[in-house]
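# Structure assessment
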Amino acid sequence: MKNYLMAPSILSANFASLGEETARVISAGANIVHFDVMDNHYVPNLTMGPIVLKALRRYGITVPIDVHLMAKPVDRLILDFSDAGASYITFHPEASDHIDRSLQLIKDNGCKAGLVFNPATSLNYLEYVMNKLDVILLMSVNPCFSGQSFLSSTFEKLRQARQIIDRSGRNIRLAVDGGIKIDNIAAVASAGADMFVIGSAIFSQPDYRIVINAMRQALIRVM
Ligand code: DX5
Ligand code: ZN
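Taking an unreviewed UniProt entry as the reference, the protein chain is identified by name as Ribulose-phosphate 3-epimerase belonging to Candidatus Gullanella endobia.

Here's what the structure looks like:
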């Protein structure tokens with residue numbers, strides 16, 4: 001089996017006990033913590049800033065934290081989140097006037113870098129920056145809220161992104177975010193994804209381990 005990464009989105013966790021919830025999902029088998037940053041400007045919702053990430057690090061969360069910026073502009077936030085302890089920082093190409101420079105800023109500050117593509121955003125943005133990417137994240141919903149349904153147009157886009165990555169010969173993760181459930185994760189992996197952002201499917205259930213195990217079980221059958 002491929003080395004699949006499970007990245008629960010703590011946007012769906014109980015914010016009143018975020019440290020405990022994050023620790024609980026990690027001990028249930030999560031590999032990475034997905035941290036959704038929304039600014040009421042790039043998307044009409046407002047979530048968490050760098051002090052929340054720093055608080056999770058102080059609480060004792062040591063696994064990689066993947067910061068998904070749904071915010072603009074991004075450069076100041078890149079500095080603040082790398083200082084706060086981010087491991088990955090990803091942003092939407094529409095949110096930076098200087099995509100190459102923002103990617104380089106992430107790398108220069110010691111984090112893994114990625115671009116995020118909304119359902120209607122073209123993969124053409126990849127063309128000149130493959131050498132700066134550690135992850136490509138395809139949104140399978142329009143960003144803003146957890147609990148939305150997976151958009152089936154994502155399958156073809158995943159196949160295209162997988163081809164682009166394979167042709168590049170680079171070690172770049174292909175992540176998907178939005179509407180991932182036990183019953184669609186295998187199809188999503190078959191289309192080329194190897195990192196899964198999962199919010200409501202995990203946090204709506206009492207036992208996170210059962211959901212993560214069921215997802216890993218579904219992935220065993222994927223070639
Ligand atoms: C959506 C966020 C996602 C979201 C995923 O805008 O980027 O990370 O929390 O949640 P589910 O899995 O419920 O779609
Ligand atoms: Zn996200």
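### Here's the deal with the overall build of the protein chain
Scanning the protein chain for helices and strands turns up eight helices and eight strands. Expected size for 223 residues packed as a compact globule is a radius of gyration near 17 Å; at 16 Å, the protein chain falls within 12% of this value. Projected onto the principal axes, the alpha-carbon positions of the protein chain cover approximately 45 × 40 × 30 Å. For the protein chain, the residues scored as buried account for 54% of the 223 residues in total.

### Some remarks on the packing of helix H3 (residues 75-84) against helix H4 (residues 99-108)
Interaxial distance between H3 and H4 falls to 10 Å at its minimum, and their mutual angle equals 10 degrees. Comparing the axis directions of H3 and H4 gives the class roughly parallel. The crossing of H3 and H4 is right-handed. Across the interface between the two elements, Asp75, Ile78 and Leu79 of H3 pack against Ser102, Leu105 and Ile106 of H4. The class makeup of the residues in the contact of H3 with H4 is four nonpolar, one polar and one charged.

### Some remarks on the site of ligand 1
Around ligand 1, the surrounding shell holds 20 residues, and the nearest of these are Cys144, Gly147, Asp177, Gly199 and Ser200. At 2.9 Å from an oxygen atom of ligand 1 is found a side-chain nitrogen or oxygen belonging to Ser9. Surface burial for ligand 1 is 100%, taken as the share of its 390 Å² of free accessible area covered by protein chains. Among the elements of the structure, strand S2 (33-38), strand S3 (65-70) and strand S8 (195-198) are those that each provide at least two residues to the shell around ligand 1. A per-class count over the shell around ligand 1 returns nine nonpolar, nine polar and two charged.

### Some details on the coordination of the zinc ion (ligand 2)
Protein coordination at the zinc ion (ligand 2) comes from His34 (NE2), Asp36 (OD), His68 (ND1) and Asp177 (OD), with a distance range of 2.1 to 2.3 Å. One way to put it: the six donor atoms around the zinc ion (ligand 2) meet at angles of 68 to 171 degrees, and that makes the site octahedral. Sequence spacing of the donors to the zinc ion (ligand 2): H-x1-D-x31-H-x108-D. Taken as a pair, His34 in strand S2 and Asp177 in strand S7 (residues 173-177) lie far apart in primary sequence, 143 residues in all. Since its relative accessible area comes to 0%, His34 is described here as buried. For Asp177, a relative accessible area of 8% puts it in the buried group.

### What to know about the nonpolar core
If you look at the biggest cluster of nonpolar residues, it comprises 72 residues, and the most contacted ones within it are Phe35, Val67, Ile136 and Phe196. For this core, the element with the highest residue contribution is helix H8 (residues 208-220), accounting for six residues. When near neighbours in sequence (up to four residues on either side) are disregarded, Ile136 contacts Leu115, Phe117, Leu126, Met130, Ile165, Ile172, Arg173, Leu174 and Ala175.

### Some remarks on the packing of aromatic side chains
One pass over the full model with this rule turns up four aromatic pairs. When the ring of Tyr4 is compared with that of Phe196, the centres are 5.7 Å apart and the planes differ by 50 degrees; the resulting orientation is tilted. With Tyr4 in the segment before strand S1 (5-8) and Phe196 in strand S8, the pair connects residues that are 192 residues apart, well separated along the chain. Residue class for Tyr4 comes out buried when judged on its relative accessible area of 3%.

### As for the sheet that holds S3
As summarised here, the arrangement of the eight strands in space is S1-S8-S7-S6-S5-S4-S3-S2, forming an open sheet in which the pairing is parallel. Pairing within the sheet leaves two strands with one partner each, and these edge strands are S1 and S2. Neighbouring strand axes in the sheet, compared pairwise and without regard to direction, differ in orientation by 25 degrees on average. Pairing of S3 with strand S4 (residues 88-91) involves four bridges; the strand directions are parallel. Its bridge partner being in S4, Leu69 is matched across the sheet by Phe91. Helix-sheet contacts for H8 involve S1 and S8, and the interaxial angle to S1 is about 145 degrees.

Here is what the cut-offs are and how they apply
- The written sequence of each chain sets the order in which its residues are numbered from 1.
- Following the order in which they are written, the chains are lettered starting with A and the ligands numbered starting with 1.
- Note on the predicted model: pLDDT of at least 70 is required for a residue's local features to be given, and 80 or more for side-chain atom pairs to be given and counted; whole-chain, interface and lining totals, by contrast, use all residues.
- As a rule here, side-chain values come from all non-hydrogen atoms in the structure, and water together with hydrogens is ignored.
- Secondary structure elements follow DSSP: runs of H or I no shorter than four residues count as helices, runs of E no shorter than two count as strands, and numbering proceeds from the N terminus.
- C-alpha atoms define the radius of gyration in this analysis, and the globule rule sets the expected value at 2.2 Å times the number of residues to the power 0.38.
- Partly exposed describes any residue whose relative accessible area lies between the buried limit of under 20% and the exposed limit of over 50%, with all areas from a 1.4 Å probe on protein chains only and scaled to the type maximum.
- Lines fitted to C-alpha atoms define the axes, with helix axes restricted to the stretch in contact, and inter-axis angles between N-to-C directions lie between 0 and 180 degrees.
- Any angle that falls under 35 degrees is termed roughly parallel, while one over 145 is termed roughly antiparallel, one within 65 to 115 roughly perpendicular, and all others oblique.
- A clockwise turn of the near helix away from the far one marks a right-handed crossing, whereas an anticlockwise turn of less than a right angle marks a left-handed crossing.
- By definition in these notes, contact holds between two residues if any of their heavy atoms fall within 4.5 Å.
- In this count, Pro and Cys sit with the nonpolar residues alongside Ala, Val, Leu, Ile, Met, Phe, Trp and Tyr, while Asp, Glu, Lys and Arg are called charged and the others, Gly among them, polar.
- What makes a residue near a molecule or strand is one non-hydrogen atom of that residue sitting within 4 Å of it.
- What qualifies as a polar contact is a pair of N or O atoms within 3.5 Å, subject to a donor-acceptor requirement within protein and to the restriction that residues adjacent in sequence count only when both atoms come from side chains.
- Accessible surface is estimated by sampling points in the Shrake-Rupley manner with a 1.4 Å probe; for residues, cover comes only from the protein chains shown.
- Each metal's donors comprise the N, O and S atoms found within 2.8 Å of it (within 3.2 Å for Na, K or Ca). Water is not part of the atom list, so some coordination spheres may appear incomplete.
- Note on geometry labels: four donors, all angles 85 to 135 degrees, give tetrahedral; four donors become square planar and six octahedral when opposite donors are over 155 degrees apart and every other angle is between 65 and 115; remaining cases are irregular.
- Remark: nonpolar core denotes a set of buried residues (Ala, Val, Leu, Ile, Met, Phe, Trp, Tyr, Cys) joined through side-chain atoms within 4.5 Å.
- Classification of ring pairs uses Phe, Tyr and Trp, with its six-membered ring standing for Trp, and accepts pairs whose centres are within 6.5 Å; under 30 degrees between planes counts as stacked, over 60 as edge-to-face, and the remaining range as tilted.
- Criterion used throughout: strands pair if DSSP finds at least two bridges between them.

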